[in-house]
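# Geometric and topological summary
What follows is each chain in one-letter form.
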Amino acid sequence: MSTPDAAPSSLPSSAEVRASLPTSAEAAAVAGDLAALRRVLHANPEVGLELPATQQLVKDAIAGLDVEITEGTALSSLVVVLRGGSRREDSTGVVPAVLLRGDMDALPVTEATGFDFAATNGNMHACGHDLHTAGLVGALRLLHDRRAELPGDVVFMFQPGEEGYDGAGKMLDEGVLDAAGPRVKAAYGVHVSADQDLGVGSSRRGSYMAAFAKMTITVHGKGTHASRPATGRDPIQVGAMLVGQLQEYVTRRFDIFDPIVVTVGQFTAGTAPNVIPDLATLVVGVRTFSETATTRAEAELPQLVSGLVAAHGLEAEVDYERILPPTINDDAEADFFLETFADLFGDERTVVRRDPLPGSEDFSRVLAEVPGAYGHFGVALPTLPVEEREANHSPRARHSDAGLPDHALFLAHLAGRRLHQLARE
């Protein structure tokens, strides 16, 4: 006798689902191609929203596949839709779709890795986006070979402009979430880490990466001769006071379990040692991990600055700009992300992060719209001593491409398994 929630017998079991998806042997078979693609991408990095050479390399890598390709208009993105061969409607009456994302842009960093395929144009894939791009191409190739058994569609989001250009937001504006027709039901992304052990995956429920805001403070003083400061109003002294007072404020007014990180990254003032200038400018980075803290910071920090500066008889012009929201993983999707990784590669390679990461990520835009999860994947060079590893964004960040087969396989299974789950719901 069947129970009310029993799955119809026509639907495949978990073992059958796994058997219908790419295998590690299939991933290993494309490893050489993926490594070659990664190295060409690495040697030819492009920065920002316009990545014409990178876009063409991806198009060449997927040429001949039975997919739908849309190029961006406001940026050189690619949206690739792979239609499943066993498409069927889910409980909401639509054929489900799942999104996988890989960002493609580099940083304006002069490379010092010593790789024989190092970039020489003053830019560098210091954040590993060359691996993200190659890994996503690999997932597409693997799923394309198994497309006949997919019960839904997969959207592949090849994104420019993650490094400070909000490329994800621009791709959302151009409809990436609806590229398959109905809005995608889930979205996933993976970020590589140059200083994390090769092959180790990590994520967590809830807050995963920080929101980022920029506060620009212009302190208006009164310039005078440096030997007679009392005849003017010194904006440098007041600006220096702000550096310390901002730190004291956040430690006393914000919950340590919902933290805020405030960093004065730029302080510009003066032209000569014997002149007190009229102006001092501070540019402050603000990172938060919840909407509550994000909203409070935006309301309170400019007010704090204005009040402190006024107390010294000067005026402050404060421009506060939200750049990115926090990256928040859906709890169930984070569990699925970690469980899938552990099932493929073992518990010993799977890490549940205790704390969120203070960096920011524009995949937060996607996760604010649809459920999904984001995590990290270690790609440290296995021959490099731990003490010599350098983190992403360093000119000496050395990412190994030995993890590409697992990277591609994991992305493929995230999409394939989630589509089968959605088809059962």
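Residues numbered from 1 in each chain as written. Predicted model: local features only at pLDDT ≥ 70, side-chain atom pairs only at ≥ 80, totals over all residues. Heavy atoms only, no water.

### Let's talk about the sheet that holds strand β8 (residues 211–220)
Rules: Pairs of strands are assigned from DSSP output, requiring at least two bridges between the strands. Every helix listed is a DSSP run of H or I at least four residues long, and every strand listed is a run of E at least two residues long, numbered separately from the N terminus. Convention adopted: a line fitted to C-alpha atoms gives each axis, helices being fitted over their contacting stretch, and angles between N-to-C directions are expressed from 0 to 180 degrees. What makes two residues a contact is simply this: any of their non-hydrogen atoms within 4.5 Å.
Pairing is antiparallel in the open sheet, where 4 strands are placed in the order β10-β12-β8-β13. For this open sheet the edge positions go to β10 (260–269) and β13 (315–324), each flanked by a neighbour on one side alone. In this sheet, neighbouring strand axes are inclined to one another by 15° on average, regardless of whether the strands run parallel or antiparallel. Here β8 runs beside strand β12 (residues 279–288); their pairing, made up of 10 bridges, is antiparallel. Paired with Thr216 across the bridge in β12 is Val283. Across the sheet, helix α7 (residues 235–253) touches β8, β10 and β12, and the angle it forms with β10 is around 175°. Relative to the sheet, helix α8 (residues 291–311) contacts β8, β10, β12 and β13, its axis offset from that of β13 by approximately 165°.

### Description of the packing of aromatic side chains
To be explicit about the condition: Pairing of aromatic side chains requires ring centres within 6.5 Å, counting the rings of Phe and Tyr and the six-membered ring of Trp. Pairs whose planes differ by under 30 degrees are stacked, by over 60 edge-to-face, and all others tilted. Each residue gets one of three labels from its accessible area relative to the maximum for its type: buried under 20%, exposed over 50%, partly exposed in between, using a 1.4 Å probe on protein chains only. In our convention, an over-ring charge means Lys NZ or Arg CZ found within 6 Å of a ring centre and within 35 degrees of that ring's normal.
The final tally for this structure, using the stated rule, is 9 aromatic pairs. Between Phe341 and Phe377 the ring centres are 6.1 Å apart and the planes differ by 65°, which places this aromatic pair in the edge-to-face class. Pair noted here: Phe341 is in helix α9 (residues 331–345) and Phe377 is in strand β16 (residues 372–378), with a separation of 36 residues, a long-range link. When sorted by exposure, Phe341 lands in the same class as Phe377, which is buried. A centroid spacing of 5.1 Å and a plane angle of 85° characterise the contact between Phe341 and Phe410, whose relative ring orientation is edge-to-face. Residue Phe341 is located in helix α9, and its partner Phe410 is located in helix α11 (residues 404–424); the two are separated by 69 residues in the primary sequence. According to the relative accessible area criterion, Phe410 is buried, its value standing at 3%. Members of the aromatic cluster, connected to one another through ring pairs, are Phe337, Phe341, Phe345, Phe377 and Phe410. Arg296 extends its terminal NZ or CZ atom over the ring of Phe254, reaching a point 4.1 Å from the ring centre.

### Observations concerning α8
As a reminder, the rule being used: Helix span, as expected, comes to 1.5 Å for every residue beyond the first. In this analysis the local bend is the angle between axes fitted, respectively, to the seven residues ending at and the seven residues starting at the residue.
For α8, spanning 21 residues, the distance from its first C-alpha to its last is 30 Å, which sits close to the expected 30 Å at 1.5 Å a residue. At Ala297, α8 shows its strongest bend, of approximately 30°. Looking only at α8, the buried set comprises Ala293, Thr294, Ala297, Glu300, Leu301, Pro302, Leu304, Val305, Leu308 and Val309. Close packing links the buried residues of α8 with β8, α7, β10, β12 and β13. Phi for Gly313, located one or two positions after α8, is positive at around 80°.

### Comments concerning the UniProt feature "domain: Peptidase M20 dimerisation" (unreviewed entry) in the chain
Keep this limit in mind: UniProt positions are given in the numbering used here, feature names are shortened, and annotations may be inferred rather than shown by experiment.
Cross-referencing UniProt, the feature "domain: Peptidase M20 dimerisation" (unreviewed entry) maps to residues 213–301 in the present numbering. Helix makes up 34% of residues 213–301 and strand 36%, with an end-to-end C-alpha separation of 11 Å.

### What to know about the confidence of the model for the chain
Operational definition: Per-residue confidence from the prediction method is given by pLDDT, with values spanning 0 to 100.
Summarising the model, the chain shows a mean pLDDT of 95, and 97% of its residues fall at 70 or more. Here residues 1–9 scores under 50 on pLDDT; set against residues more than four positions off or in separate chains, the count is 1 contact.

### Some words on the packing of helix α3 (residues 31–43) against helix α4 (residues 52–61)
Convention followed: Roughly parallel here means an angle under 35 degrees, roughly antiparallel means over 145, roughly perpendicular means 65 to 115, and every remaining angle is called oblique. Should the near helix be turned counterclockwise from the far one by less than a right angle, the crossing is left-handed, whereas a clockwise turn marks it as right-handed.
With their axes 10 Å apart at the nearest point, α3 and α4 run at an angle of 165° to one another. Relative to α4, the element α3 lies roughly antiparallel. For the pair α3 and α4, the sense of crossing is right-handed. Of the residues in α4, those in contact with Leu37, Val40 and Leu41 of α3 are Thr54, Leu57 and Ala61.

### Structural notes on the side chain of Asp362
For clarity, the cut-off: Here a polar contact is taken to be a pair of N or O atoms separated by no more than 3.5 Å, where protein atoms must pair a possible hydrogen donor with a possible acceptor and residues adjacent in sequence count only if both atoms sit in side chains.
With respect to the helices and strands, Asp362 occurs in the loop between β15 (350–352) and α10 (364–367). We classify Asp362 as buried; its relative accessible area is 1%. One polar contact links Asp362 to Arg101, side chain to side chain, over a distance of 2.7 Å. At 3.1 Å, the side chain of Asp362 and the backbone nitrogen of Ala168 are in polar contact.

### Notes on the environment of Arg87
Note on placement: Arg87 falls in the loop between β2 (78–82) and β3 (97–103). Setting aside anything within four residues of it in sequence, one finds Arg87 in contact with Val95, Leu150, Pro151, Gly152 and Asp153. One polar contact links Arg87 to Asp153, side chain to side chain, over a distance of 2.8 Å.

### As for unusual backbone geometry
Positive phi is not limited to glycine here, since Asp166 has a value of about 55°. Structurally, Asp166 can be placed in the loop between β4 (153–159) and α6 (167–173). One non-glycine residue, His393, lies in the positive phi region at around 85°. Structurally, the position occupied by His393 is in the loop between β16 and α11. Taking the relative accessible area as the measure of exposure, His393 reaches 41% and is therefore partly exposed.

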